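Coordinate analysis (summary)
As a plain string of letters, each chain reads:
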Amino acid sequence: MAMIAVLWVVAALSILVTGMSRATRGEIRAVSAQSQAVQSQAIGDAAITLALQELTSNPTRPSRGVTGTMSYRGLPVPVQLAPLNGWIDLNGASLALLARLYQFAGGLGPDAAQQLAQSTIEAREKKDWRGQAERFEAPEDLLRIPGVGYDLYARLSPLVTVYGSTGGGARVNPLAAPLGVLMVLANGDEAVARRIVQQREAGAEGIDTTSLDASLVSVSSVRRYRVEAAVPLSDGGVVRVARIVDVGASARDGLAWRTLHAERSIEPMSR
C-alpha cells in the first residue's frame, strides 16, 4: 500500500510539473509575441516618420497614393501614403454620395440607402448645447444611427473618415481612393474600379475616370494624409501601423505635421 501511495504521489507531481511547464512556455510565447509587436510598432512609427520627413521637405505634395520602402536600422519597411480625400468624409459627403456608399458598399436597397443617408446628415448636423453641429468624431459614431448595425459598420469603416481635409469633403479623389471607394463611385462596377487601380499601380499619368460620376469626384491638393507602414513579423504575420496626419499644422513637439489619429493592427500569416 505504501508503494502504491508513493507511485500515486509521483504521478500527481509529474502531472503538476508538466502542466506548469506548459503554462510557463505559453506565457513565454505570449510575452515574446507582445514584445515583438511593440518593437514592430516602434519600427513602423519610425518608418512613417521618415516618410513624412520626405513629404514635408518636398515642395510638391502628391495628389495620388504613393507606395515606397523606408529603411530603418537595415530593415526595409513598405510604406503607403495617400491623400485623405481618397476616403469618403462622413462630415462632408453629400446626400448622393452617402446613399451610394450605403447601397454599393453596404448592400442596402436604393430606398433604404437613401433614407439612411438622410439620417446620417441629420445626425451630423444635430445641434449640441452650444448650438453647433455635433459632427462625427470617429467612424464608430455611425453605430449611433438607427439602422446601422455592426455588420454594416464593418463593411463601411475601411472606406470612410471623419478627418477630411479642412474646407469640406463633399467629393472624392479617385487617384487616392481604395478599391472599395472606387466601386462606390462606379455604382458597384468592380471592373471599372479595378481598371483604375491597375492604371494607378502601373504609374499611368492620364487615368481614365470618365466612368465615375463627375459630380462626386475631384482631384485637389490636400494637407491631410493617411500613412501606413507594414512591418513583417518572424512568424510570417504583419503589424500594420497607420497614422492620419495634417502636414499643414505644426505639432507641439516641433514636427512639421500633427497626428490626428493613430492605429495598429496585427495580421496573422496567410494559410
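All values derive from a computational prediction rather than experimental measurement.

Turning to the overall build of the protein chain, a few remarks are in order. For the protein chain, the helix and strand inventory stands at six helices and seven strands. Here the protein chain holds 271 residues, and 37% of them are scored as buried. A fraction of 59% describes how many contacts in the protein chain between residues 6 or more apart in sequence connect residues 24 or more apart.

With that settled, consider the nonpolar core. Residues Ile-88, Leu-101, Tyr-102 and Leu-185 are the most contacted members of the largest nonpolar core, which totals 46 residues. When residues of this core are assigned to their parent elements, the largest contribution, six residues, is made by helix H2 (residues 95–105). Here Leu-101 is in contact with Ile-88, Gly-106, Leu-156, Leu-159, Val-160 and Val-184, once residues within four sequence places are set aside. Listed in part, the 20 residues of the second largest apolar core include Val-77, Val-79, Leu-81 and Val-231.

Glancing now at the pattern of salt bridges. In the structure shown here, the tally under the stated rule is eleven salt bridges. Arg-226 is paired through a salt bridge with Glu-263; the nearest N and O atoms lie 3.2 Å apart. A residue pair is termed long-range when its members are at least 10 positions apart, and Arg-226 in strand S5 (residues 224–232) and Glu-263 in strand S7 (residues 258–267) qualify at 37 residues. Residue classification places Glu-263 among the partly exposed residues on the basis of a relative accessible area of 40%. Through salt bridges with shared partners, a single network forms among Arg-226, Glu-228, Arg-240, Glu-263 and Glu-267.

Another point: the environment of Ala-133. As for its placement among the helices and strands, Ala-133 is situated in the loop between helix H3 (110–125) and helix H4 (150–156). Look at Ala-133 and you get partly exposed, because its relative accessible area is 28%. Measuring from C-alpha to C-alpha, the distance between Ala-133 and Ala-123 comes to 8.8 Å, with ten residues separating the pair along the chain. The contacts of Ala-133, once residues within four sequence positions are left out, are Arg-124, Glu-125, Lys-126 and Lys-127.

With that out of the way, let us pick up unusual backbone geometry. Of note in this structure, Arg-73 is not a glycine but carries a positive phi near 55 degrees. When you line up the elements, Arg-73 lands in the loop between strand S1 (66–72) and strand S2 (75–83). A residue is classified by how much of its surface remains accessible, and Arg-73, at 78% relative accessible area, is exposed. A positive phi angle is found at Asn-187, which is not glycine, with a value near 60 degrees. By the element assignment, Asn-187 lies in the loop between helix H5 (179–185) and helix H6 (190–201).

This paragraph deals with the pairing of S5. Counting buried positions along S5 yields eight of nine residues, so the element is predominantly enclosed. In this structure, S2 lies alongside S5, joined through five bridges in antiparallel fashion. Counted as the bridge partner of Ala-82 is Arg-226 from S5. Pairing geometry for S5 and strand S6 (residues 238–246), over nine bridges, is antiparallel. Looking across to S6, one finds that Tyr-225 is bridged to Val-245.

Thresholds, definitions, all that
- Residues numbered from 1 in each chain as written.
- Predicted model: local features only at pLDDT ≥ 70, side-chain atom pairs only at ≥ 80, totals over all residues.
- Heavy atoms only, no water.
- Helix = DSSP H or I, 4+ residues; strand = E, 2+ residues; numbered from the N terminus.
- Buried < 20%, exposed > 50% of the residue type's maximum accessible area, 1.4 Å probe, protein only.
- Contact = heavy atoms within 4.5 Å.
- Core = buried A, V, L, I, M, F, W, Y, C linked by side-chain atoms within 4.5 Å.
- Salt bridge = Lys/Arg side-chain N within 4 Å of Asp/Glu carboxyl O.
- Pairing = 2+ DSSP bridges.

It is worth stressing that arrangement in space is one thing and function is another; only the former is reported here.
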